[in-house]
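Survey of secondary and tertiary structure
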Amino acid sequence: MQEKTLEVLEYGKILDKLAGYARSSLVKEQIHDLRPSTDTYYIKRELEHAASMEKVIRKNGNIDLFGLYDLSDIVNYIRKNGILDPADLIKVLDLLRVSSYLTDYGENIEDPLIKDIFDRISTNDFLKNEIDRSIINEEEIADNASQTLRNIRRQKQRKENDIRIKLNSYISSSKYEDALQDKVVSVRDGRFVVPVKTNKRSVIGGIVHDKSSSGNTLFIEPAAIVELNNQLRDLEIKEEEEIRKILDRLSRLAQAFDVELLENQKLIARIDFLQAKAKFALENEMSLPIISDEKILDIKEARHPLLSGKVVPIDVRIGGSYTTLIITGPNTGGKTVSLKTVGLISAMAQTGLFIPADEGSRVSVFDDIFVDIGDTQSIEMSLSTFSASLTNIVEILKKATDKSLVLLDEIGSGTDPVEGAALAISILNSLTKKEVMTFTTTHYSELKYYAVETPGVMNASVEFDVDTLSPTYKLEIGTPGKSNAFEISKRLGLPVEILKDAKDLIGEDNRNINKILEEIEEDKKEIESKNKEIDDYKKEIARIRNELKEKSKSLSRKEEDIIREAEDKANKILDKANKRSQDMLKEAKRSRNANTSDIDRSLNKIRTNYKEGRIERQGENLSLKQSKNAPKTLKVGDMVLIAGLNEEAQVIEAPDHKGNIKVQMGILKMDSNIKNVTKIKADNQTEKNITKVYNTKKAMHISPTLDLRGQRYDEAMRNLDKYLDDAMLAGLSKAKIIHGKGTGALIKGVGEILEGDRRISDFRFGDDKEGGYGVTIVTFG
């Protein structure tokens, strides 16, 4: 998109405002580099992410980002085995700290788009803790960075104390009182010295390290402490070497985490960017635009985002039956602001930002936005306002396509009105034929009439209140603006006779045009009134219909609840009576004189009556859908797949004349319809029967006990595996494996095989009656 257009629309000020919500300088720079995109997929994706972040912030609160730096140079340096200084390691530490914080914050995020970003952040607590305990600030390494460093610094401290004690003996001695310039100990070039008068140099022998500016004082290292200073210097060198080792170690730890550092930086910057967009939208009452694949612009309650105070919102719609909108009205009425609002909102939407308009506003993706707005007079080029404007328009006519947006302010102005109006109509004709979406403002009445009679062109106006003699700034689509010059002049006190003469001077054509425009405006108002009345009727009808539906549902639910409650009570009574009867008969059966055959028959009769009397709810709350491959016919025994439930069932009652069937899923029976099922291939029943017979016969020859005693280990394990297969096929539920106690090898082997065998649901050692630890009892699954 052209930089000139963005400059005229003040797009840069929007980026400045957005950048104010970013926490890091890294993201602020990224924001200032933003430009509107023409990639529809990218725009929709950015808006979707921004909307998701807005929801996250609303629910979980603001994300407290801090310490985000560009670590690209640092990572490149450590990849070359460079050693980082404390300041750079603190930057790494800040990134690690915010990474840990964001990982914790992300645990409460439910939105999958935003959660994915947080989940990809890596943490390294070891590296974080090592830097944290080792680095105090940008210039200081902690004593605890290593044991060696702590020892060296302790030695240094003791050595410095020894030196000061020795030097204090010079300062406090009366022998040297006259030779010393001052009784202080100072440091020059890392060596401890005392200030000695120049003419007393021979009194304190030693090495001169410095001289005062006046030349009256020499800073001398006494010979007696030269060796102590040398030892101190050795310790300082060791300290520097140890610090270098510490920094090298920390740099190598960071180097091992280099990929994650750069990825974290990118992810955290993304979070900061999305949060900036979300907070910008929340605090300025913006909404998510709908990116339309159609060529249409429908912005509701749009506000110019850079205007302060009370801003009158406008509704703008263009596309479909017209691609050119001509806005008329008085000066300072808001025509130019309307143009800029449309252009700026389009640019914001194509940048993936929320827009200052109501929800449901739709925008198109334009390949470019062309503008000719404001006073474009160029002194340097010796061009008048008209010439400069026309130069712009010539370029626009060359470059604009049917996917472009063109904004023209006061088209054709700055020259003879008749010629200017004719040129304006010709220019708009060209753009309309190319189906370029065009907004233009004008004062020419000829353009109002042109819009009325030309397909693809629509009038619009900014309102003016003649009572208060001030604009309302509202944009009215479909209504041309009136000049109101005579009405305003009359209210301002212009003599009646002058107004009459002025009206007489207007040509008949102009009077007819104004009359037509007034009639159009009156018709429009009447139509709008009727449409509102119709909408109100529709809303009332919809409300009554919904109320009736709810009442009907409520009655149905109450009826179902009453029936359900009665059924539950009946079942409880039946359950209680059944249990009591069976308990009594079982107790009677324990009697010595009881006729057990009669009692068993009574028990069976009670169970039968109980099953017949109990109320079962079949197919309760099951949601059935219509099948795409419904069969034409079905018979009892056919297997079907029930649409909506995705469950297999068997037909137990053939379809009636309405196609209603009864099916069984396991123990559940339910009613359905042939339209709700898909026929599937049934299992081979003959094969099932053969298997059943085989298992029954095999069960007759399979013992529930396997004795492994006396067998070699390998032989016993093979026999055990084969026995488990046979037992399963035979349908045994339990088996006893006798392995004896012996050395424990067989016990261990049996346990290992049974432990990993899916055929076994449980196994245990036998109790005292079953054989104790010499036996394992197996339960098959």
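Residues numbered from 1 in each chain as written. Predicted model: local features only at pLDDT ≥ 70, side-chain atom pairs only at ≥ 80, totals over all residues. Heavy atoms only, no water.

**A short note on the overall build of the chain**
On a plain count of helices and strands, the chain comes out with 22 helices and 23 strands. Counting over 781 residues, the chain shows a buried share of 39%. Sequence separation of 24 or more characterises 65% of the internal contacts of the chain that already satisfy a separation of 6 or more. When the accessible surface of the chain is totalled, it reaches about 45,300 Å², and 49% of it is carbon and sulfur. (Helix = DSSP H or I, 4+ residues; strand = E, 2+ residues; numbered from the N terminus. Buried < 20%, exposed > 50% of the residue type's maximum accessible area, 1.4 Å probe, protein only. Contact = heavy atoms within 4.5 Å. Areas by Shrake-Rupley, 256 points an atom, 1.4 Å probe, with all protein chains shown as cover.)

**Points about the nonpolar core**
With 99 residues, the main nonpolar core has Ile31, Leu102, Ile131, Ile271, Leu297, Leu407 and Phe439 as its most contacted residues. Excluding residues that lie within four positions of it along the chain, leucine 102 makes contacts with Ile63, Leu65, Phe118, Ile121, Ile268 and Ile271. (Core = buried A, V, L, I, M, F, W, Y, C linked by side-chain atoms within 4.5 Å.)

**A closer look at helix H14 (residues 417–433)**
Under the 1.5 Å per step criterion, the end-to-end length of H14 is 24 Å for 17 residues, consistent within 8% with the ideal 24 Å. Within H14, burial applies to Gly420, Ala421, Ala424, Ile427, Leu428, Leu431 and Thr432. The buried side chains of H14 occupy one side of the element, clustering within an arc of 135° when seen end-on. Of the exposed residues in H14, those oriented more than 90 degrees away from the buried face are Val418, Glu419 and Lys433. One or two steps after H14, the chain reaches glutamate 435, where phi turns positive at roughly 60°. (Expected span 1.5 Å × (residues − 1). Arc of directions from axis to C-beta.)

**Structural notes on the pairing of strand S11 (residues 405–408)**
Of the two faces of S11, both are covered, the one formed by Leu405 and Leu407 as well as the one formed by Val406 and Leu408. The pairing of strand S10 (residues 369–372) with S11 spans four bridges and is classified as parallel. What sits directly across from isoleucine 369, in S11, is leucine 405. As paired elements, S11 and strand S12 (residues 437–442) share four bridges and run parallel to each other. Within S12, the position partnered with valine 406 by the bridge is threonine 438. The handedness of the S11 to S12 crossover, carried by H14, is right-handed. (Pairing = 2+ DSSP bridges. Right-handed = clockwise from strand over helix to strand, strands pointing away.)

**Brief notes about unusual backbone geometry**
A positive phi is found at glutamate 301, a non-glycine position, where the angle reads about 50°. Within the secondary structure, glutamate 301 sits in strand S6 (residues 296–302). Backbone geometry places glutamate 435, a non-glycine residue, at a positive phi of 60°. Tracing the backbone shows glutamate 435 in the loop between H14 and S12. According to the relative accessible area criterion, glutamate 435 is partly exposed, its value standing at 47%.

**Topic: the confidence of the model for the chain**
In the predicted model, the chain carries a mean pLDDT of 81, and the fraction of residues at 70 or more is 82%. Low pLDDT, under 50, characterises residues 618–623; the predicted model gives this stretch 14 contacts beyond four residues in sequence or across chains. (pLDDT = per-residue confidence, 0-100.)

**Section: the sheet that holds strand S22 (residues 760–765)**
As a general point, the strands of a sheet are linked pairwise by backbone hydrogen bonds and lie either parallel or antiparallel. Taken together, the four strands give an open sheet; going across it, the order is S20-S21-S23-S22, and neighbouring strands pair in mixed fashion. For this open sheet the edge positions go to strand S20 (705–707) and S22, each flanked by a neighbour on one side alone. With strand direction ignored, the average angle separating the axes of adjacent strands in the sheet is 20°. Bridging between strand S21 (residues 734–738) and strand S23 (residues 775–780) involves five bridges; their strand directions are antiparallel. Residue lysine 734 lies in a different strand from S23, and its bridge partner there is threonine 779. Strand contacts of helix H21 (residues 713–730): S20, S21, S22 and S23, with the helix running at about 170° to S20, the strand carrying the most contacts. The strands that helix H22 (residues 745–755) touches are S21, S22 and S23; relative to S22, the one it contacts most, it runs at about 160°. (Axes fitted to C-alpha atoms, helices over the stretch in contact; angles between N-to-C directions.)

**Focus on the packing of aromatic side chains**
Applying the stated criterion across every chain, the model contains three aromatic pairs. For the ring pair tyrosine 21 and phenylalanine 280, a centre distance of 5.7 Å and an interplane angle of 40° mean the geometry is tilted. Here the residue tyrosine 21 occupies a position in the loop between helix H2 (11–19) and helix H3 (25–32), and phenylalanine 280 occupies one in helix H11 (residues 258–283), the gap between them amounting to 259 residues. Comparing tyrosine 21 with phenylalanine 280 shows no difference in burial state: the two are buried. Ring geometry for tyrosine 101 against tyrosine 105: centres 6.3 Å apart, planes inclined by 50°, an arrangement best described as tilted. One end of the pair, tyrosine 101, and the other, tyrosine 105, are both in helix H6 (residues 86–106), four residues apart, so they sit about a helical turn from each other. Three or more aromatic residues joined by ring pairs form one cluster here, namely Tyr101, Tyr105 and Phe118. In this arrangement the basic side chain of lysine 91 is found over the ring face of tyrosine 69, its NZ or CZ atom lying 5.5 Å from the centre. Between the NZ or CZ atom of arginine 188 and the centre of the ring of phenylalanine 219, over which it lies, the distance is 4.0 Å. (Phe/Tyr/Trp six-rings, centres within 6.5 Å; stacked < 30°, edge-to-face > 60°. Lys NZ or Arg CZ within 6 Å of the ring centre and 35° of its normal.)

**Describing the environment of alanine 347**
Secondary-structure assignment places alanine 347 in helix H12 (residues 335–349). Note on alanine 347: relative accessible area 0%, which makes it buried. Taking the C-alpha atoms as reference points, alanine 347 and phenylalanine 366, 19 residues apart in sequence, are found 9.0 Å from one another. Leave out the neighbours within four places in its chain, and alanine 347 touches Tyr11, Pro36 and Ile369.

**Concerning the packing of H3 against H11**
At a closest axis distance of 9 Å, the pairing of H3 and H11 adopts a crossing angle of 65°. Here H3 and H11 pass one another in a crossing that is right-handed. For the pair formed by H3 and H11, the contact residues are Leu26, Val27, Gln30 and Ile31 on the first element and Gln265, Ala269, Asp272, Phe273 and Ala276 on the second. A breakdown of the residues in the contact of H3 with H11 according to their chemical character gives six nonpolar, two polar and one charged. (Left-handed = near helix turned anticlockwise from the far one by under 90°. Nonpolar A, V, L, I, M, F, W, Y, C, P; charged D, E, K, R; others polar.)

**Focus on the UniProt feature "binding site: ATP" (unreviewed entry) in the chain**
UniProt's feature table lists "binding site: ATP" (unreviewed entry) at Gly329, Pro330, Asn331, Thr332, Gly333, Gly334, Lys335 and Thr336, given in the numbering used throughout. Using a relative accessible area of 16% as the deciding quantity, one classes proline 330 as buried. Along the polypeptide, lysine 335 turns up in helix H12. Beyond its immediate stretch of four places on either side in the chain, lysine 335 contacts Ile327, Thr328, Gly329, Pro330, Glu410, Thr441, Thr442, His443 and Val462. (UniProt positions renumbered as here; feature names shortened; annotations may be inferred.)

**Some points on the pattern of salt bridges**
In total, this model carries 39 salt bridges according to the counting rule given. Arginine 120 is the partner of aspartate 116 in a salt bridge, and the nearest nitrogen-oxygen pair spans 3.0 Å. A relative accessible area of 38% means that aspartate 116 is categorised as partly exposed. Residue arginine 120 is classed as partly exposed on the basis of its relative accessible area of 40%. Aspartate 638 is the partner of lysine 635 in a salt bridge, and the nearest nitrogen-oxygen pair spans 3.2 Å. Salt bridges linked by common partners bring Arg45, Glu46, Arg270 and Lys277 together as one network. (Salt bridge = Lys/Arg side-chain N within 4 Å of Asp/Glu carboxyl O.)

**Re a positive patch on the surface**
On the surface, Arg545, Lys549, Lys553 and Arg557 cluster together to form a positively charged patch. Within the fold, arginine 545 resides in helix H18 (residues 508–589). Residue arginine 545 is classed as partly exposed on the basis of its relative accessible area of 45%. (Patch = residues over 30% accessible without salt bridge, like charges linked within 9 Å, V, L, I, M, F, W, Y side chains within 5 Å. Lys, Arg positive; Asp, Glu negative; His and termini not counted. Charge placed at Lys NZ, Arg CZ, Asp CG, Glu CD.)

**Re the side chain of serine 338**
Here serine 338 shows up in helix H12. Discounting residues that sit within four places of it in the chain, serine 338 has contacts with Ile314, Ile327 and Leu475.

**Describing the sheet that holds strand S3 (residues 206–211)**
Across the sheet, four strands lie side by side as S1-S2-S4-S3; this open sheet has antiparallel pairing. With one partner strand each, in any of the chains shown, strand S1 (186–188) and S3 form the two edges of the open sheet. Taken pair by pair, the neighbouring strands of this sheet meet at an average axis angle of 50°, ignoring direction. In this sheet, strand S4 (residues 217–222) lies alongside strand S2 (residues 191–197) in antiparallel orientation, the contact comprising four bridges. Paired with valine 194 across the strands is isoleucine 220, a residue of S4. Along the sheet, helix H9 (residues 147–172) contacts S2 and S4; its crossing angle with S2, the most-contacted strand, is approximately 10°. Seen against the sheet, helix H10 (residues 226–255) touches S2, S3 and S4 and runs at an angle of roughly 145° to S2.

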